[in-house]
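Each chain, written out:
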Amino acid sequence: MALYPKLIMDALATVTYAGTKKNLVESGMVADTPAVAAPATEGEPWKVKVVLEFPRDTDPFLKSTVKAAEAAIKYHCAKVFSGSPAETPVEVEIVTEYKSKPRPEVGKLLPDVKNIIAVSSGKGGVGKSTVAANLAIALARLGYKVGLLDCDIFGPSMPKMFQVEDARPYAVNVDGRDLIEPIDKYGVKLLSIGFFVSPDTATLWRGGMATNALKQLIADADWGELDFFILDTPPGTSDIHLTLLQTLAITGAVIVSTPQQVALADARKGIDMYRNEKVNVPILGLVENMAWFTPAELPENRYYIFGKEGCRQLADEMNVPLLAQIPLVQSICESGDSGQPVAVGGDLQSPADTMTSLAFINLAQSVVTVTNRRNREQAATKIVQVK
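In this text, all values refer to a predicted model and were calculated from it rather than measured experimentally.

**Structural notes on the sheet that holds strand β3 (residues 35-37)**
In space, the three strands of this open sheet follow the order β3-β4-β5, with mixed pairing throughout. A strand with exactly one partner marks an edge of an open sheet, and here the two such strands are β3 and β5 (90-98). Recorded for the sheet is a direction-independent mean angle of 15° between the axes of neighbouring strands. Across the face of the sheet, helix α2 (residues 62-81) comes into contact with β4 (46-54) and β5 while running at roughly 150° to β5.

This is the structure in structure tokens:
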């Protein structure tokens, strides 16, 4: 009695791969002719070696497919030896390979990204995403290579703010890995979970599903070389923030708040999260959004609707810079809703640059300054290890 590669191939042809709904042979997953080695001495088993090629190392059907292939081989071999699969004198070795290279380990992600900036707030409704979008665009206008990741899995807003709601990123092969190609708009590389879910349907995911999706947007995307990688984080302190801290070495955080005392109380919590001894992410500074209201017909007037100088006082209290005070102007809201944030403007000296667009250009320049100072004076941030 003898075993031959064709018998092994026939066995593999009975195993269906759930990813294609076809058998392993039809799916082209048998990487080479199966190796069959006869026993060197009497009493030793036959040895069968099969190489199966999967799309990626994170394939959800990998383990079940390998077990099914091993069982099918033993079953077909048992027929040759007229015994049960458990008693068949055959050792089966299945080696797995991957068409796409495995994801780099944490700590080696985004090697070509120089600075990772988290735009954060203690509470929602303070205009954090508006600030993040305009900051990213303003940095791009200053000549920097910029990426923007919408980290709000349950309430993504960047596709609308950039007027790319219908965009569907495609995959590109980079150095043997299939990566998501970010959408390029206004000189900013952009990714959001909003590109992959229906805008009219609630995202009913448990925390683990949301954090895994976020990791994919970070690690399985072709971000390339970036001077600044802006993270538009969700409000509060949550699983998403912890995932970011455990996945990326964040250069620094920019905290956004309104001058209102309620917002400032939550901003303190946001600052405390980054300053926690187990986190140690530097606070680059505060941005006071909706600092005052200026009517279009009375451009010289300022009405302090949410209080006056609240963020300046908090910045002094926390010993951090106040990076900018952004006025509450109707055009900022309208431009975000229309998909053309005010920072788009024109050339830096163009009349198309309004008071509000220049405010974000100034913010971007401040962020560059404090980031460079932070990199000169402080050690690189370490990824948070949470046990």
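**Observations concerning a nonpolar patch on the surface**
Taken together, the side chains of L298, Y303 and I305 present a nonpolar region at the surface, about 270 Å² in accessible area. With respect to the helices and strands, I305 occurs in the loop between β14 (283-293) and α8 (310-318).

**A look at helix α10 (residues 355-377)**
Every α-helix carries 3.6 residues per turn, so stepping three or four residues along brings you back to the same face. Its 23 residues place the ends of α10 33 Å apart at the C-alpha level, agreeing with the 33 Å of an ideal helix rising 1.5 Å per residue. Taken residue by residue, α10 has T356, S357, A359, F360, I361, L363, A364, V367, V368, V370, T371 and R374 as its buried positions.

**What to know about the pairing of strand β9 (residues 177-180)**
Direction of pairing for strand β8 (residues 171-174) relative to β9: antiparallel, over a ladder of four bridges. When the bridges of β9 are listed, V174 appears paired with R177. Remark: two residues form the turn of the hairpin made by β8 and β9, two consecutive strands paired antiparallel; D175 in that turn has positive phi of roughly 50°.

**Regarding unusual backbone geometry**
Of note in this structure, L110 is not a glycine but carries a positive phi near 50°. As for its position among the elements, L110 is in the loop between β5 and β6 (113-120).

**Considering the nonpolar core**
By size, the foremost hydrophobic cluster in this structure holds 91 residues, and its most contacted members are L149, F162, F229 and I230. The contacts of I230, once residues within four sequence positions are left out, are I117, V119, A132, L135, A136, L139, V146, G147, L148 and L149. In terms of nonpolar packing, the next biggest core, distinct from the first, is built from 25 residues, L3, Y17, M29 and V30 among them.

**Observations regarding the side chain of D150**
Take D150: it is sitting in strand β7 (residues 146-150). One buried charge, D150, has no salt-bridge partner; the nearest side chain with opposite charge is K128, at 6.9 Å. Engagement of the side chain of D150 in a polar contact is seen with the backbone nitrogen of D152, the distance being 3.2 Å. Apart from the residues within four sequence positions on either side, D150 is in contact with P156, S157, M158, P159, L191, S192 and D232.

**A look at the environment of A2**
Mapped onto the elements of the fold, A2 is located in the segment before α1 (5-12). Sequence separation between A2 and A38 is 36 residues, and the spatial gap between their C-alpha atoms is 7.8 Å. Each residue touching A2, except ones within four places of it in the same chain, is listed here: W46 and V80.

**Remarks on the packing of α1 against α2**
Where α1 contacts α2, the two axes come as close as 8 Å, and the packing angle between them is 130°. In this view, α1 runs oblique relative to α2, as classed from their interaxial angle. For the pair α1 and α2, the sense of crossing is right-handed. Within the contact between the two elements, α1 uses L7, I8, D10, A11 and L12 and α2 uses A69, A72, I73, H76, C77 and V80. Considered class by class, the residues forming the contact of α1 with α2 number nine nonpolar, one polar and one charged.

**Topic: empty space enclosed by the protein**
Within the structure shown, the criterion is met by one cavity of 30 Å³ or more. In this structure, the largest cavity spans a volume of roughly 30 Å³. Along its surface, the largest cavity is lined by A118, T233, H241, L244, L245, I250 and Y274. With three residues, the single largest contributor to the lining of the largest cavity is helix α6 (residues 239-247). A breakdown of the residues in the lining of the largest cavity according to their chemical character gives five nonpolar, two polar and no charged.

Thresholds applied
- Counting from 1, residues in each chain are numbered in the order their sequence is written.
- Where local features are concerned, this predicted model is filtered to residues with pLDDT of at least 70; where side-chain atom pairs are given and counted, the filter is 80 or more; whole-chain, interface and lining totals use all residues.
- As a rule here, side-chain values come from all non-hydrogen atoms in the structure, and water together with hydrogens is ignored.
- Any two strands with at least two DSSP-identified bridges between them are counted as paired.
- Numbering of helices and strands runs from the N terminus; a helix is a DSSP stretch of H or I covering at least four residues, while a strand is a stretch of E covering at least two.
- All axes here are fitted lines through C-alpha atoms, helices being fitted over the stretch that makes contact, and every angle between N-to-C directions spans 0 to 180 degrees.
- In this analysis, two residues are considered to be in contact whenever any of their non-hydrogen atoms come within 4.5 Å of each other.
- Nonpolar side chains (Val, Leu, Ile, Met, Phe, Trp, Tyr) are joined into patches within 5 Å and like charges within 9 Å, using only residues with over 30% relative accessible area and no salt bridge.
- Here, Shrake-Rupley sampling with a 1.4 Å probe gives the accessible areas, and only protein chains in the shown set may cover a residue.
- Between Lys or Arg on one side and Asp or Glu on the other, a salt bridge is scored when a side-chain nitrogen of the former is within 4 Å of a carboxyl oxygen of the latter.
- A helix is expected to span 1.5 Å for every residue after the first.
- Residue exposure (1.4 Å probe, protein chains only): buried if accessible area is under 20% of the type maximum, exposed if over 50%, otherwise partly exposed.
- Here, the term nonpolar core denotes a set of buried Ala, Val, Leu, Ile, Met, Phe, Trp, Tyr and Cys residues that are joined through side-chain atoms within 4.5 Å.
- His is not counted, nor are the chain ends; Lys and Arg add positive charge and Asp and Glu add negative charge.
- Polar contacts here mean pairs of N or O atoms no more than 3.5 Å apart (in protein, one a potential hydrogen donor and the other a potential acceptor; neighbouring residues in sequence count only if both atoms are side-chain atoms).
- Roughly parallel means an angle under 35 degrees; roughly antiparallel, over 145; roughly perpendicular, 65 to 115; everything else is oblique.
- Left-handed describes a crossing whose near helix is turned anticlockwise from the far helix by less than a right angle; the clockwise case is right-handed.
- Residue type decides the class: Asp, Glu, Lys and Arg count as charged, Ala, Val, Leu, Ile, Met, Phe, Trp, Tyr, Cys and Pro as nonpolar, and the leftover types, Gly among them, as polar.
- Both site types are read off a 1 Å grid over the protein atoms alone. A 1.4 Å probe that fits but cannot get out defines a cavity, while an open set with protein on both sides within 12 Å along at least five of seven lines defines a pocket; lining residues have an atom within 4 Å of a point.
- Grid points are joined across faces, edges and corners, and a volume is the space filled by probe spheres set on the points.

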